[in-house]
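# Chains, contacts and geometry: an overview
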Amino acid sequence: MTTVALEVSEGVGTIRLDRPPMNALDIAIQDRLHELAEEATRRDDVRAVILYGGEKVFAAGADIKEMQEMDHAAMVVRSRALQDSFTAVARIPKPVVAAVTGYALGGGCELALCADFRIAADNATLGQPEILLGLIPGAGGTQRLSRLIGPSKAKDLIFTGRMVKAEEALALGLVDRLVPAAEVYEQARAWAARLARGPALALRAAKESIDAGLETDIGTGLAIERNWFAGLFATEDRERGMRSFVEEGPGKAKFL
């Protein structure tokens, strides 16, 4: 049975988790996420991406029963593939929004962290409860969470394993917008659709400049930005955008 699918419509690709009842992220889903992230990266008809688990739950974490059967040697091998799957999502060179409903815990929270923007239901619950299993986050949580909300707040969530409701998640910066539960996908699609109509190369340049710059010193980050900025002067989108600005005023350029 297919448990993850990529559905494309009008420039927006939705990576949809579908493993009832809680979208537990087993090895098959992890590997499929990797494949679909690479497909979304390659496809020219995908200009923005939504991560979505359905109306009731985003993803409640890893498949604990599957993990319980693994020993140290098995996890030494598997942990790299696990991280690579999530990193492939994080490195999709297009705008990515997570549409978070219900629970986003453990690996589910880590998957949401791979997005550029997170829209959550006002009744969502997020957290990194791995410490309660005698573990730590293993799909990027210790790194992406601390970069997103700061090390002290990340340590509070990771050390205690506590879950946070939507309002606290918003206050922490763990999510970026709260909407009524019934509107989560609609709002995420509106965000993605708007960017899908934008200049694809400039959006890629902006994303890669920000993400790569965060991993290095400011001088190197400025060099990354400078190279992308100059390179965009060779694109049709830059010509179209500037011509439209001069002839019609700001905000009227069409890039498709």
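Since we're looking at a predicted model, the values are computed, not measured.

The rules behind these values
Residues numbered from 1 in each chain as written. Predicted model: local features only at pLDDT ≥ 70, side-chain atom pairs only at ≥ 80, totals over all residues. Heavy atoms only, no water. Helix = DSSP H or I, 4+ residues; strand = E, 2+ residues; numbered from the N terminus. Contact = heavy atoms within 4.5 Å. Pairing = 2+ DSSP bridges. Axes fitted to C-alpha atoms, helices over the stretch in contact; angles between N-to-C directions. Expected span 1.5 Å × (residues − 1). Polar contact = N/O pair within 3.5 Å; in protein donor to acceptor, adjacent residues only side chain to side chain. Phe/Tyr/Trp six-rings, centres within 6.5 Å; stacked < 30°, edge-to-face > 60°. Buried < 20%, exposed > 50% of the residue type's maximum accessible area, 1.4 Å probe, protein only.

### As for the environment of Leu25
Looking at where Leu25 falls in the secondary structure, it is placed in the loop between β2 (12-17) and α1 (27-42). Sequence separation between Leu25 and Lys207 is 182 residues, and the spatial gap between their C-alpha atoms is 26 Å. Once residues lying within four places of it in the same chain are set aside, the contact partners of Leu25 are Leu17, Gln30, Ala59, Gly61, Ala62, Asp63, Phe86, Gly107 and Gly108.

### A closer look at the sheet that holds strand β7 (residues 125-127)
By way of backbone hydrogen bonds, the strands of a sheet pair with one another, either parallel or antiparallel. Ordered by their spatial adjacency, three strands build an open sheet running β5-β7-β8, and the pairing between neighbours is mixed. Taken across any chain shown, the strands that pair with only one partner, and hence form the sheet edges, are β5 (103-105) and β8 (163-165). When the angles between neighbouring strand axes are averaged without regard to direction, this sheet yields 20°. Pairing of β5 with β7, which is carried by three bridges, proceeds in the parallel orientation. Considered in β7, the bridge of Leu105 is made with Gly127.

### Here's the deal with helix α10 (residues 218-231)
Under the 1.5 Å per step criterion, the end-to-end length of α10 is 20 Å for 14 residues, consistent within 8% with the ideal 20 Å. The backbone nitrogen of Gly219 has a side-chain oxygen 3.0 Å away, supplied by the residue at the start of α10, namely Asp217.

### Topic: the packing of aromatic side chains
What the rule picks out here adds up to three aromatic pairs. Measuring from ring centre to ring centre gives 4.7 Å for Tyr52 and Tyr185, while their planes differ by 40°; the resulting arrangement is tilted. On the criterion of sequence distance, the pair formed by Tyr52 in strand β3 (residues 48-52) and Tyr185 in helix α8 (residues 184-196) is long-range, its members being 133 residues apart. On the accessibility criterion, Tyr52 (12% relative accessible area) is buried. A ring pair is formed by Phe117 and Trp191, whose centres lie 5.3 Å apart and whose planes are at 5°; its orientation type is stacked. Of this pair, Phe117 sits in strand β6 (residues 117-121) while Trp191 sits in helix α8; the two residues are 74 residues apart in sequence, bridging distant segments of the chain. Trp191 carries the same exposure label as Phe117, and that label is buried.

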